[in-house]
Amino acid sequence: MKRAIYPGSFDPVTNGHLDVIERARKLFDEVIVAVAHNDQKQALFSLEERLELLKTSIGNIDNVRIAQFDGLLVEFAAAQSASAVVRGLRAVSDFEFEFQMALMNRKLNSDVETIFLMPKEEYTYLSSRIIKEIARLGGDVSSFVPDVVAKALGNKFKR
Ligand code: PNS
């Protein structure tokens with residue numbers, strides 16, 4: 001059983017994330033989309049909201065499961081008997097942070113391999129941070145995120 005963890009803040013999930021999940025699930029028997037409790041980052045959506053938005057956006061797919069995790073990612077991966085961590089790599093600007101994280105995770109647990117997947121080119125410029133900014137300023141984000149997320153953003157930034 002080849003199991004992978006796809007970790008992130010998912011604040012909120014975007015079409016780019018969904019594209020990575022779709023690619024990962026073709027490579028692994030099971031993909032666990034793992035939402036981090038991240039005290040360092042001030043999230044717009046609560047953990048429960050982020051989980052719910054993911055659940056609705058992904059729907060029921062056989063080999064995709066949604067979970068939350070606290071603490072070290074490699075510990076969560078080991079507890080789930082996952083051999084890989086999947087991360088999306090959009091552009092060179094992602095590389096430095098991702099490289100540092102992958103190597104640090106390898107130092108912490110050399111049994112967990114990090115695998116980078118490139119989302120569709122049209123999602124290269126997408127990020128949750130930019131989506132939130134556009135929504136906050138009243139822009140239309142409906143082509144970048146699932147409908148349920150666009151609605152949730154609209155409710156957060158009601159004018
Ligand atoms: O979507 P993000 O915010 O880029 O995801 C970052 C995340 C949650 C994957 C990363 O911060 C993480 O793994 N946090 C868990 C704590 C941890 O293991 N830190 C050490 C990583 S080197």
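Worth saying up front: this structure is predicted, and the values here are computed from it rather than measured.

> Tell me what's going on with the side chain of R87, and back it up with residues and numbers.
As for its position among the elements, R87 is in strand β4 (residues 84-88). Side-chain polar atoms of R87 contact the backbone oxygen of P7, separated by 3.0 Å. The contacts of R87, once residues within four sequence positions are left out, are Y6, P7, G8, F97, E98, M101, T114, I115, F116 and L117.

> Provide a residue-level description of the environment of K107, including the pertinent values.
Residue placement: K107 occurs in helix α4 (residues 92-108). With relative accessibility at 73%, the residue K107 sits in the exposed group. The spatial distance from the C-alpha of K107 to the C-alpha of D62 is 32 Å, given a sequence separation of 45 residues.

> Describe the packing of aromatic side chains, with residues and values.
Per the stated rule, a full pass over the model turns up 4 aromatic pairs. Seen in terms of ring centroids, Y6 and F10 are 5.3 Å apart; in terms of plane orientation they differ by 80°. Their pairing is edge-to-face. Exposure remark for F10: the relative accessible area of 3% places this residue in the buried category.

> An account of the site of the ligand is needed here, citing residue identities and associated values.
In the region of the ligand, 13 residues are neighbours, and S9, K41, G71, L73 and R87 sit closest. Contact distances for the ligand include 2.5 Å between an oxygen atom and a side-chain N or O atom of S9. Within the contact set of the ligand, an oxygen atom lies 2.8 Å away from a backbone nitrogen or oxygen of L73. Listed by contribution, the elements that provide at least two residues to the shell around the ligand are β1 (3-8) and α4. The greatest single-element share of the shell around the ligand, amounting to 3 residues, is contributed by α4. Tallied by class, the residues present in the shell around the ligand amount to 7 nonpolar, 4 polar and 2 charged.

> Lay out unusual backbone geometry with the relevant residues and their values.
Here D11 and P12 are connected by a cis peptide whose omega angle stands at 0°. Considering the arrangement of structural elements, one finds P12 in the loop between β1 and α1 (15-27). The phi angle at F10 is positive, at roughly 50°, despite the residue not being glycine. Take F10: it is sitting in the loop between β1 and α1. The backbone of S81 sits at a positive phi, close to 55°, despite the residue not being glycine. Position of S81 among the secondary structure elements: in the loop between α3 (73-79) and β4. Given a relative accessible area of 52%, S81 falls into the exposed group.

What counts, and where the lines are drawn
Residues numbered from 1 in each chain as written. Predicted model: local features only at pLDDT ≥ 70, side-chain atom pairs only at ≥ 80, totals over all residues. Heavy atoms only, no water. Helix = DSSP H or I, 4+ residues; strand = E, 2+ residues; numbered from the N terminus. Polar contact = N/O pair within 3.5 Å; in protein donor to acceptor, adjacent residues only side chain to side chain. Contact = heavy atoms within 4.5 Å. Buried < 20%, exposed > 50% of the residue type's maximum accessible area, 1.4 Å probe, protein only. Phe/Tyr/Trp six-rings, centres within 6.5 Å; stacked < 30°, edge-to-face > 60°. Near = heavy atom within 4 Å. Nonpolar A, V, L, I, M, F, W, Y, C, P; charged D, E, K, R; others polar.

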